[in-house]
2 protein chains.
Amino acid sequence: MKSITIVGGGPVGCLLAVLLAKRGYGVHVVERRPDMRAANISAGRSINLALSDRGLRALELAGIADDVRKIAIPMRGRMMHDVHGVQTYAPYGVGDQAINSVSRGELNKSLLTLAEDHGVMISFEQRCVDINLAAPSATFERDQSGVRTTIASDLLIAADGAYSAVRGRMQYLDRFNYSQSYLQHGYKELHIPAAANGEFRIEKHALHIWPRHSYMMIALPNLDGSFTCTLFFAHEGSPSFAELTTREAVAAFFNEQFLDAVAMMPTIVDDFFTNPESSLMTVKCYPWVSNNVALIGDAAHAIVPFYGQGMNCGFEDCRVLIECLDDANDDWTTALARYQELRKPNGDAIADLAIANFFEMRDKVADPVFALRKKIESYLYATYPDRWIPLYTLVTFSHVPYATALRMGQENDAWMDRMMTIPNIAEEWQTEGGKAALEAIVRERAPHGIDPSLIVTR
Amino acid sequence: MKSITIVGGGPVGCLLAVLLAKRGYGVHVVERRPDMRAANISAGRSINLALSDRGLRALELAGIADDVRKIAIPMRGRMMHDVHGVQTYAPYGVGDQAINSVSRGELNKSLLTLAEDHGVMISFEQRCVDINLAAPSATFERDQSGVRTTIASDLLIAADGAYSAVRGRMQYLDRFNYSQSYLQHGYKELHIPAAANGEFRIEKHALHIWPRHSYMMIALPNLDGSFTCTLFFAHEGSPSFAELTTREAVAAFFNEQFLDAVAMMPTIVDDFFTNPESSLMTVKCYPWVSNNVALIGDAAHAIVPFYGQGMNCGFEDCRVLIECLDDANDDWTTALARYQELRKPNGDAIADLAIANFFEMRDKVADPVFALRKKIESYLYATYPDRWIPLYTLVTFSHVPYATALRMGQENDAWMDRMMTIPNIAEEWQTEGGKAALEAIVRERAPHGIDPSLIVTR
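Residues numbered from 1 in each chain as written. Chains lettered and ligands numbered in written order. Predicted model: local features only at pLDDT ≥ 70, side-chain atom pairs only at ≥ 80, totals over all residues. Heavy atoms only, no water.

Visitor: Help me get a handle on the relation of the copies chain B and chain A, residues and values and all.
Guide: With an RMSD of 0.0 Å, the operation that places chain B on chain A is a rotation of 180 degrees combined with a shift of 0.0 Å along the axis. Taken together, the rotation and translation relating the two chain copies correspond to the operation of a two-fold axis. Of every C-alpha in chain B, the one belonging to Ser179(B) sits nearest the axis of rotation, 2.0 Å from it. Same-surface contact between copies: 100% of interface residues of chain B are shared with the interface of chain A. (Least-squares fit on C-alpha atoms with pLDDT ≥ 70 in both. Contact = heavy atoms within 4.5 Å.)

Written out as structure tokens, the structure reads:
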């Protein structure tokens, strides 16, 4: 059976290692950082992720979805906080549809152990310093010693993230298309601790948003009752990180903009100066495959976090790659060609959707017309599910390809624009006359033809 | 006075070295290749370039424009060759306006010698292998020996071309935006030798084009009576390089598509298999400046060759940088900030114009409606120069910023679209009625306000 080296032991690298080991391959994962199971990372304060159904489906393939659900907190909607502290709730979907707040660290640890349980060898503190794409082989430098070793294998898969070393080498291939583009906005992590009694200080089962037009703060719940907050804010300009250089300026800014949150953030000013200001990058490239070397996850398509789909997309890459191997009877040349052909348009689509969702989250969610459109959309989805599926549902609660979701979302917008021209729509849409007007328009739309089984409605 | 290292001894690096040495700086140019003045490069068969007024203006600053004109062949228009060998001529401009075919090698040699004449040190066969952006310093490896040396200087300027090593290092800076994108088309150089008597076999003072819709061949004259031809052709698909794998296929293809040319190309089949198939890449990035390190020329903005502006744009970068130094009294921080702010939009504009011109050259030039539009445009420029300047003139015979040229070109297209709706325009435009109809439209357009001295009309 073929030997496979996976560069990168993050969630995507580990999940892929498990899935390939289950197929009988000899898999070696090589990771730059130390083993996080040994290192001292507090689960409560680590980064959390929004795991949704695409990610869960791949975890099911690996047999670990139920274990992960136990350490996840379902978030069933967004809770918007205005400048006065008034909260407004909007559900993400229907019934039990939810996205799941999970600790990136805890999830990664579980996957590392699962990989080892399946016979995967994992080497830590080995930084990839060179790649031979033709061999293929990868050269690593051990952090402490500087000793270099080269590993050859039948296949080399790069799951080494947004700043992928393997992709860095592929960039010098002839006809390799590549772009990295940064947003003007960056982010900083902040913290809302649990209440004295260990309880959550704000609604546990929601993703909290403080939309402020040109910027926003969000908060996701952790198992220990705390919330991890992220401020998405311009690097430069006014207002921006560049302006907040003194403790007084930070305190004044948070008191003015996030008064209800700041009351729950006793260490806000210290956290602001302790935690780094990070950047937000989108990477697109093609091809993803060169001979027996392939890119997967963020290495192939780094995206901004605003749709909570980065890891979900990476996990879906793994699921699709496994299906391509199924279809090709493990002929890797055929499977990898099909994998990149299937996934590239979807990587591009979720990259664009993620950027668009930043504008929606920071700005539009606070707009009454936007709220009206969302309510009408929920009604249309409930009443005419063969003609209308909301974009958020397609992205988050479905296995419909992202590219299809993007296209249908654009079509939804155009149809909704027409509906908004119905006279007095805001007042009338729930009356018989209003519903008839909506129906007249929605009936003009052709059925979408999407298999209902692709929508997840637990 | 400050010390300056220029990585790359191509035309842009050498020209900049001359201009900076003339200001009194200590300049060291470090080049990867051997000294081409010693190496055996035949001037007659080397790559040729279309030098136009932007490039000449920078060469004038260096005091070498007149010398370069002596080795240049003015091309005053395009000569189109159809599949039957019928030739159609269209002038590029008016009067003596022309672009100039020059040997890249001869121009580079002249600039190397001029740089040394101005006291510039030039080191050859030194490949840049590492950069310290903060110092700044650059580490080079000598080709033969593998010996590495590191050069520190006050300023480091990267003129090391489309595959810039310095830019490769800058790519890992936080918030460095970067893209490299390849066309589906590549190119191969071919050759039309001089006639037995040393004469040019086709019109000397023209750029020859064999437009074939999805692809094209061009030819530029050399001093020895030969022409350097370039076939721009799809890498894959049908027809494409990938299909032409046998001598018979190549001969059949050229006989069918380029019958008049092939009669002048005795070594066509051998050349086709000897010469490499090369790729066409566009690079955009930003920022161009990091502390005391700056990108210039192709290192900052690699473009495709279809507007003949790659070197011209690089030379204009040099001229603008020198003007920024003038304005800033040689305060480099101020000058470099201004330089990148001024040049980035123009680098983007000429990159986009160059791609657009591929479609024009390979496809539209053979279209009678396009020819009509060009004729009307010439009439409008001659008659209403305050309202209308053709895009080609703005790009090639002017010092108007490329971004302004791009915008005016788009406006020209919209106004011309309106003119084409005049009834029977093709037949009527030279009659009194037709001219009155054109005038009625052009008079609606606001004067462009461009300083006439920016247009070069020798």
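Visitor: Let's hear about the interface of chain B and chain A: which residues, and what values?
Guide: It is common to give the size of an interface as the accessible area that goes away when the parts come together. Residue-level contacts link 17 residues of chain B with 17 residues of chain A. Among the residues chain B hides against chain A, the three largest losses belong to Arg175(B), Gln180(B) and Tyr182(B). Together they make up 39% of the total. At the boundary of chain B with chain A, the tally comes to four salt bridges. Among the salt bridges present, the one from Glu236(B) reaches Arg175(A), with a minimum N-O distance of 3.5 Å. Joining chain B to chain A, the criterion identifies 15 residue pairs in polar contact (both at pLDDT 80 or more). Broken down by element, the residue count for the side of chain B that touches chain A peaks at six residues, all from strand S13 (residues 177-192) of chain B. When its residues are assigned to classes, the side of chain B that touches chain A shows five nonpolar, eight polar and four charged. (Buried area = accessible area lost by both parts, 1.4 Å probe. Salt bridge = Lys/Arg side-chain N within 4 Å of Asp/Glu carboxyl O. Polar contact = N/O pair within 3.5 Å; in protein donor to acceptor, adjacent residues only side chain to side chain. Helix = DSSP H or I, 4+ residues; strand = E, 2+ residues; numbered from the N terminus. Nonpolar A, V, L, I, M, F, W, Y, C, P; charged D, E, K, R; others polar.)

Visitor: If you had to explain the environment of Trp429(A) to someone new, which residues and values would you point to?
Guide: Mapped onto the elements, Trp429(A) comes out in the loop between helix H14 (425-428) and helix H15 (432-442). Those residues in contact with Trp429(A) that lie beyond four places of it in its chain are Leu372(A), Lys375(A), Ile376(A), Tyr379(A), Gly434(A), Lys435(A) and Leu438(A).

Visitor: Help me get a handle on empty space enclosed by the protein, residues and values and all.
Guide: For the coordinates displayed, the defined rule picks out two cavities of 30 Å³ or more. The space that makes up the largest cavity amounts to roughly 110 Å³. What lines the largest cavity is a set of 14 residues, among which Gln171(A), Tyr172(A), Arg167(B), Tyr178(B) and Gln180(B) lie closest to the centre. Secondary-structure elements contributing two or more residues to the lining of the largest cavity are helix H5 (165-170) and S13 of chain B. (1 Å grid on protein atoms, 1.4 Å probe; cavity = no way out; pocket = protein on both sides within 12 Å on 5 of 7 lines; lining within 4 Å. Points joined across faces, edges and corners; volume = space filled by probe spheres on them.)

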